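In case you want the letters, here they are:
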Amino acid sequence: MSYIPHTAEDIQQMLSVIGVKSIDELFKDIPLGLRPKSFNLPASKSEFQVTQTLHKLAAKNATGLVNFVGAGFYDHFIPAAVDALVSRSEFYTAYTPYQPECAQGWLQAIYEYQSIICELTGLDVSNASLYDGGTALFEAMMMALRHTGRNKIILDSGVNLIYRTMLYTYTLNLAIEFVEIPVVHGQSCREELFKYLDDQTAAVIFQNPNFFGAVDDYSDMVEQVHKFGALAIEVAYPVSLGMLKTPQEMGFDIAIGEGQSLGIPLSFGGPYLGFMAARSQLVRQMPGRIVGSTVDSDGRRGFVLTLQTREQHIRREKATSNICSNEALCALRAVVFISLLGREGFKELAEHNYQKAEFAKETLSRINGVQVKRSSPTFNEFTVLLPRHADEVVRRMIDKGFACGFPLGRFYQGLDNYLLIAVTEKRTKEEICRLADSLEAVL
Amino acid sequence: MRLIFEKHKEGRRGFSYGASDVAGAKPLAGKFCRATEARLPCLSELDVVRHFTNLSRLNFSVDTNFYPLGSCTMKYNPKFTERIAAFEGFSQLHPLLPQLSGGGMLAQGALEVLYESEKLFAEITGMSAFTLQPLAGAHGELTGVMLIAAYHQHQGLRRKYIIVADSSHGTNPASAAIAGYEVKVIPTGADGYLDLVQYKKHLNNEVAAVMLTCPDTLGIFNPRIKEIADMAHSVGALLYYDGANLNAMLGKCRPGDIGFDLVHINLHKTFATPHGGGGPGAGPVGVSQRLVEFLPISRVIRRLDATFALDYNYPKSIGYIAPFYGNFGVILKAYAYILALGKEGLIKAAEIAVLNANYCQARLKEYYDLPFDKRCMHECVFSASRQAKNGVHALDIAKYLIDQGYHPPTIYFPLIVQEALMIEPTETESKEALDAFIDTMIQIAELAKNNPSAVTQSPLNMPIKRLDEVRAARQPDLRWKP
Amino acid sequence: MNIPKNLFYTKDHEWARIEGKVAYIGITDYAAHSLGDITFVQLPKIGELLKQSAYCATVESVKAASDVYVPLSGKVLSVNTQLATNPELINQSAYEQGYFFSMEFSDAAEKAKLMDSASYQQYVEGLSK
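The next thing to look at is the overall build of chain C. When its secondary structure is counted, chain C shows four helices and nine strands. Moving toward the C terminus, one meets the helices and strands of chain C in the order β-β-β-α-β-β-β-β-β-α-α-β-α. For chain C, with 129 residues in total, the buried portion stands at 49%. Put simply, 61% of the contacts in chain C that link residues at least 6 apart link residues at least 24 apart. Of the roughly 6500 Å² that chain C leaves accessible, carbon and sulfur atoms contribute 49%. Where the 11 positive side-chain charges of chain C centre and where its 15 negative ones centre are 6 Å apart.

Laid out in C-alpha cells, this is it:
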C-alpha cells in the first residue's frame, strides 16, 4: 500500500526543476559508508491483508471477561456521540493550534476543557492536558519544588504505586528527598505526616480515593501542610468528583489525575489523559500548553495559546517543562463526554458507581471467609480480604469469565490475600451476583 | 461561536444512565461530599453534537488543507488504522490484565503487537532494542536523558553537561535540564553546519551526552556526522539522536549505523499516526547494546513456546516512565502503517518527501532568501528577510497563506534564522498541491515588493482577524466563569 | 532613542539611577523596544541580596523571555508593584514609572564597570549596524 500520489512523469518533471537526474542524487550528502547496513523489513501488504492480520491479533485478546479491575484505570461506558465527534478528521488530523485564526475550533474546545477541569476540581486554572496521570504528578511535584525552592517530598503510600515508582524513576538524577507515610486501616496516617512535615517540605501528595479505594477528608492535613509553607497535591479520580469533596474544598493547591475515565477507552494503557488544575498563583509554574480568551482587531472573542514564555520552544533549558505535544484529542473526548452528561448526568454517573460498589460490598460480605474492609468509606472501589492467596483466586475466576479484581500483593508486601475490586456503572446487579456466586465457588 | 457553557439550558439532558438496578445504599457521609456543585452545562445530545461539529469546521487539518508545518511531518493519516485501533480486542483491553496471575494469555495479541513493533523500529533505526513507553517525542527525549544519567551513574561517573546545537528543538535543552543536566549550546557555523571548533572546545569528560537532530532543523544532512559522533565517543559521551526528522532517512541512513547510542522516533510524524490537535503522539526510544539493561520496565519478551510475556527482571532498569506499555493505540496504528507500506513503501516515502521539499526549495529560492543554500532533505528553510524590509514579516506571510486556505509553514524556527519559514511538504502531497502553494508563495513575494499592505492586513477571510495576544498574556482569561 | 544622561548602563541593557545610597534599577528603552509589548515581569524579593551582574528579574513579552541582571551589588529595598498589573509601564516609561526595584548598593566602586550614557549610546548604535 502506498499513499504517494506522484506519477513517473511528475517525478521526472520535478527532478528537472531541481536540476538533478535522479532521486538518488538528492541523497548524495549521506556518505556511502553511512548507508544502512541492513533494512530487512517485510514486503508491502494491502489494506485488507493488514486489517485481517490485526483482526486476528485483536481476537487473541480477552474481550468477554466481566471486568472488576480498576486500580486507577476504569471500565466506564462511552456514549456513541463521543466517538462520532472526535472522529471528525478536522480535529484529529490537525496539530497544535500555533496559528489561532485557522484553529479556533481546537482552541475553543481546549478552553472549554480547561473550564470543565476547573469546575470538577474547584480550582482556578487548568492547562491544556498532559500525557497521563503519572507524568502529571511528576510535573506537579516539579512545580512545587520550583515554587518553594525546597527539595523534600512527602508521599502518602495510598498514592498508586505505579505513580510513586514513576516519581522515583524521574528523579534518579535529581537531589530530592522522598518520605513515604504509611496507610493505616486504609487511611492516611496523620501522626506520621506530622512527624515528617517541616520547613524543608516542598509538597505533600495524597490520593483520593486512595489506592485501596478509601475516601478521606484531607482538610485537616492540608491545613497543617500549609502551616509549613508547603504545597498540597491531590491525585484525583475525576468520576468521583461528581460526589466527593473537591480538591479546592479541602484546600489543595494542585490537583492532577488520570482522565481516562472521562470518555477514553482502556486501550491497553494509552493514549490516556493527564489533567492538572491549580490555584491561580501557580499558573506561571504550570507545564504545557494553556489556552486563553482574547479579542481580535474587531473586538470579537477569540482564543490563543497563551503564557507561552513558560514553554520549551521559547524558554528552552529554563522552561517549566519539556512538554511539547500533549493529549489534545483525549482532552477533546473528556470535554465532549462531560458536555453530554451535563451537570445531572455527571452526578448520576458518580451515584451509580457508588451505589453499585455498595451493593457489591454488601453482596460479597455475605460470602463465608470473605471480609470486606469497612474501616473507611469508599466510592466505587474497595478492598476485600480473602481466605487464600488473591493470585490464585484471580486465576480461578478468569476461568469463570471474571477479571475479579486487582491482587494487592502485587504492589504491597504482606497483602497477598487482599483483592481490590472496582465496580463501575457498567456492572449490572446480575453480574455482581454472579461474581459473588463464582467467588464462593472458587474459595 | 458561543461557549458550550453559554448554550446551557436548565432542565435539558443529553445523556442518562437510566434507573440503577441497585439503589438504596446509605449515602456517603456529608463531610466527604462536595458542597459546591460543578457548573456543567445542561444540553441535549444534538446541542453537543452541533457544537463540536461546528467547532471542528473552524480548523485547518491535513484532511482539509495543505499543512506544510515544518518539523511536524503532517503527512496523510491512512483511515484504516483508525478502524484497527477501534477493534474491541484492543480498545477494551485493560492494561492490568497481563499483570494478573494467569492473565498473560488474555493479552497475547496486544503483547505481540508491542513485541513486533519494537523489532521493526529497531531494524528501521539500526538500534539494539526499544522501549515503547514514552508517550510523546519530548517524553522520549526525557527518557533518553534519564537513560544517559543511569549509564554514567553505573560507570561511577558524575557528568554535568549535555551539549545541544543552537538550531535544536527547544525540547532538547529542556529535557536535559529537567533531568538534572546543565546545557551547553554549540552555534551553527556560517556554512550551516555545527561549528566544529566550538564543539571540540566544549567536549570533555564532563559531557554526559551530545544531542543532535539529523537531518537538522535546517533540513540539512551533515556529511561529517560520523566525525561528530566519533568525537563525542572519544570523550566518553553518549550520542542522542532526535528523531523528529527521521522521515527523510527511512532506508537511506540509520542512526545506529552512524554510532548513535539513543534515538527517539515520533510515531505521529514518520509513521503517520494522527497528530490529534496536539497529541496523543508516541516517542519510542531505541538504544545501543550498552544501554539495553537500563531500559524502563516492563519489557515484552517472546518465550520459547512462542507466547509473549511481560518481563520485569532488569535490575539496572531506570524503572517506570509511563504506567504501562506506552500509547498503545498510537503504536498499533504505526505498526499497521509500517506493515502496509513495507520496506519499499517506507523507502519511497523518504524519497518522495525529499523530492517534494527540494522541489519547493528549487522553485522558491528565487523569491525568498535561502540562508543556507544546500541540498535539503525533508524540509527547506527560507528567510523572509527580503520581504521584511518592506514590512512583510514571516507572521504576515503566514496569515496571508491562511486566507488562501493553506496552513502556514513553521515560522520563526529554527531560532538561528531571521524571519524563518520552515516548509515540510511531506510525501503525500501531489505536484499539483505543491505548485498551487508555491504559486501563492510567489504571489506573496510579488505583493511584498509592490503592495505590502495587501499582505499585512491578513487574515480577512477567516471568522476572526488577528488576535490580541498581548492582552491574552497580560490579563489571562483561562476559563469560563458565569 | 531615549538614553538619559544621569544614569549608568550595562551591556545587557539594564540601567541604574543612583540617589545617595539607593539605586533604582530598570531596563532601557532600547531593551523594552526590542522585546515589544511587555506582558509580565518577575521581580526579586524585598530584602534579597544580589551580586553585581547576577540574575535579578525576568521580563516577558508574548513570544520572548529575557533575564535581567543587576548592575550593582546590594540589598533589594522595594519593588515596583505597579508592574504586576501594568507591565506596559516599562514600554511607556522605561526610566521612570517602569523601574523594576530599588536597592541599597554596597560598593560604589562597582560603578566603574558600568557605562555612562555616551558610551551606552555608542554601544547601542554599534549593535544596530
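So, next bit.
Residue and element names in this part refer to chain B. The sheet built from seven strands is open, its strands ordered β1-β7-β6-β5-β4-β2-β3 with mixed pairing. For this open sheet the edge positions go to β1 (129-131) and β3 (182-186), each flanked by a neighbour on one side alone. When strand polarity is set aside, the average angle formed by the axes of neighbouring strands in this sheet is 25°. One ladder, built from four bridges, connects strand β5 (residues 238-243) with strand β6 (residues 262-265); its direction is parallel. If you follow Tyr241 over to β6, its bridge partner there is Val263. The sheet contacts of helix α5 (residues 137-154) involve β2 (161-165), β4 (207-213), β5, β6 and β7 (285-287), and relative to β5 the element is tilted by about 170°.

What follows deals with the interface of chain B and chain A. Facing 211 residues of chain B, the contacting portion of chain A comprises 189 residues. Note on chain B versus chain A: buried area summed over both sides is about 17300 Å², and carbon and sulfur give 64% of it. For chain B, the biggest contributors to the area lost against chain A are Tyr17, Arg34 and Leu478 of chain B; these three give 5% of the whole. Connecting chain B to chain A are 11 salt bridges. Taken together, chain B and chain A are joined by 101 residue pairs in polar contact (both at pLDDT 80 or more). With 26 residues, the top contributor of residues to the side of chain B that touches chain A is helix α11 (residues 328-364) of chain B. Its residues assigned to classes, the side of chain B that touches chain A comprises 119 nonpolar, 50 polar and 42 charged.

Let's shift gears to the side chain of Glu381 of chain A. Residue and element names in this part refer to chain A. Among the secondary structure elements, Glu381 is positioned in strand β14 (residues 381-385). No salt bridge forms around the buried Glu381; measuring N to O, its nearest opposite-charge neighbour Lys361 is 12 Å away. A distance of 2.7 Å separates the side chain of Glu381 from the backbone nitrogen of Ala71, its partner in a polar contact. A polar atom in the side chain of Glu381 sits 2.4 Å from the side chain of Tyr74. Discounting chain neighbours no more than four positions away, the residues touching Glu381 are Gly70, Ala71, Gly72, Tyr74, Phe212, Gly213, Ala357, Leu420, Ile421 and Ala422.

Our next topic: the nonpolar core. Membership of the largest hydrophobic core comes to 325 residues, with the highest contact counts inside it found for Leu54, Ile254 and Leu332 of chain A together with Phe52, Phe90, Tyr199 and Phe271 of chain B. The element contributing the most residues to this core is α11 of chain B, with 23 residues. When sequence neighbours within four positions are dropped, the list of residues in contact with Phe271 of chain B reads Phe121, Ile124, Leu246, Leu250, Ile265, Asn266, Ala334, Tyr337, Ile338 and Leu346 of chain B.

Further remarks concern the interface of chain B and chain C. At the junction of the two partners, chain B supplies four residues and chain C supplies eight residues. For chain B, the biggest contributors to the area lost against chain C are Glu469, Val470 and Arg474 of chain B; these three give 86% of the whole. With its nearest N and O atoms 3.6 Å apart, the salt bridge here joins Glu469 of chain B to Lys63 of chain C. Counting every contact that joins chain B to chain C gives one residue pair in polar contact (both at pLDDT 80 or more). For the side of chain B that touches chain C, the residue count by class is two nonpolar, no polar and two charged.

All names here are of chain A. The domains assigned to chain A are domain 1 (66-77 + 343-442) and domain 2 (80-337). Domain 1 and domain 2 are separated by 28 Å when their C-alpha centres are compared. Taken together, the contact pairs 30 residues of domain 1 with 32 residues of domain 2. For the pairing of domain 1 and domain 2, the buried interface totals around 2400 Å² over both sides, and the portion due to carbon and sulfur atoms is 70%. Here domain 1 is connected to domain 2 by zero salt bridges. Applying the counting criterion to the domain 1 and domain 2 interface returns 11 residue pairs in polar contact (both at pLDDT 80 or more). The greatest single-element share of the side of domain 1 that touches domain 2, amounting to seven residues, is contributed by helix α13 (residues 328-364).

On to the side chain of His94 of chain B. Mapped onto the secondary structure, His94 of chain B falls in the loop between α3 (88-91) and α4 (108-125). Reaching out from His94 of chain B, the side chain makes a polar contact with the backbone oxygen of Val69 of chain A at a distance of 3.5 Å. What His94 of chain B contacts, discounting residues up to four positions off in sequence, is Asn67, Val69, Gly70, Phe73, Leu266 and Phe268 of chain A.

Moving on, we come to the sheet that holds strand β9 (residues 101-105) of chain C. Residue and element names in this part refer to chain C. Within the open sheet, the six strands sit side by side as β1-β2-β3-β9-β8-β5. Their pairing is antiparallel. Looking at which strands have only one partner, the edges of the open sheet turn out to be β1 (8-9) and β5 (49-50). Note that β1 and strand β2 (residues 14-19) share two bridges and pair antiparallel. Bridging from a neighbouring strand, Phe8 pairs with Ala16 of β2.

Let us now look at the pairing of β2 of chain C. All names here are of chain C. Where β1 folds back on β2, the antiparallel hairpin that results is connected by four residues, among which His13 adopts a positive phi of roughly 75°. Inspection of the sheet shows β2 paired to strand β3 (residues 22-27) by six bridges, in the antiparallel sense. Considered in β3, the bridge of Arg17 is made with Tyr24. Taking the residues between adjacent antiparallel strands as the criterion, β2 and β3 are bridged by two residues, where Gly20 takes a positive phi near 65°.

Conventions adopted
Residues numbered from 1 in each chain as written. Chains lettered and ligands numbered in written order. Predicted model: local features only at pLDDT ≥ 70, side-chain atom pairs only at ≥ 80, totals over all residues. Heavy atoms only, no water. Helix = DSSP H or I, 4+ residues; strand = E, 2+ residues; numbered from the N terminus. Buried < 20%, exposed > 50% of the residue type's maximum accessible area, 1.4 Å probe, protein only. Contact = heavy atoms within 4.5 Å. Areas by Shrake-Rupley, 256 points an atom, 1.4 Å probe, with all protein chains shown as cover. Lys, Arg positive; Asp, Glu negative; His and termini not counted. Charge placed at Lys NZ, Arg CZ, Asp CG, Glu CD. Pairing = 2+ DSSP bridges. Axes fitted to C-alpha atoms, helices over the stretch in contact; angles between N-to-C directions. Buried area = accessible area lost by both parts, 1.4 Å probe. Salt bridge = Lys/Arg side-chain N within 4 Å of Asp/Glu carboxyl O. Polar contact = N/O pair within 3.5 Å; in protein donor to acceptor, adjacent residues only side chain to side chain. Nonpolar A, V, L, I, M, F, W, Y, C, P; charged D, E, K, R; others polar. Core = buried A, V, L, I, M, F, W, Y, C linked by side-chain atoms within 4.5 Å. Domains from an automatic or database assignment.

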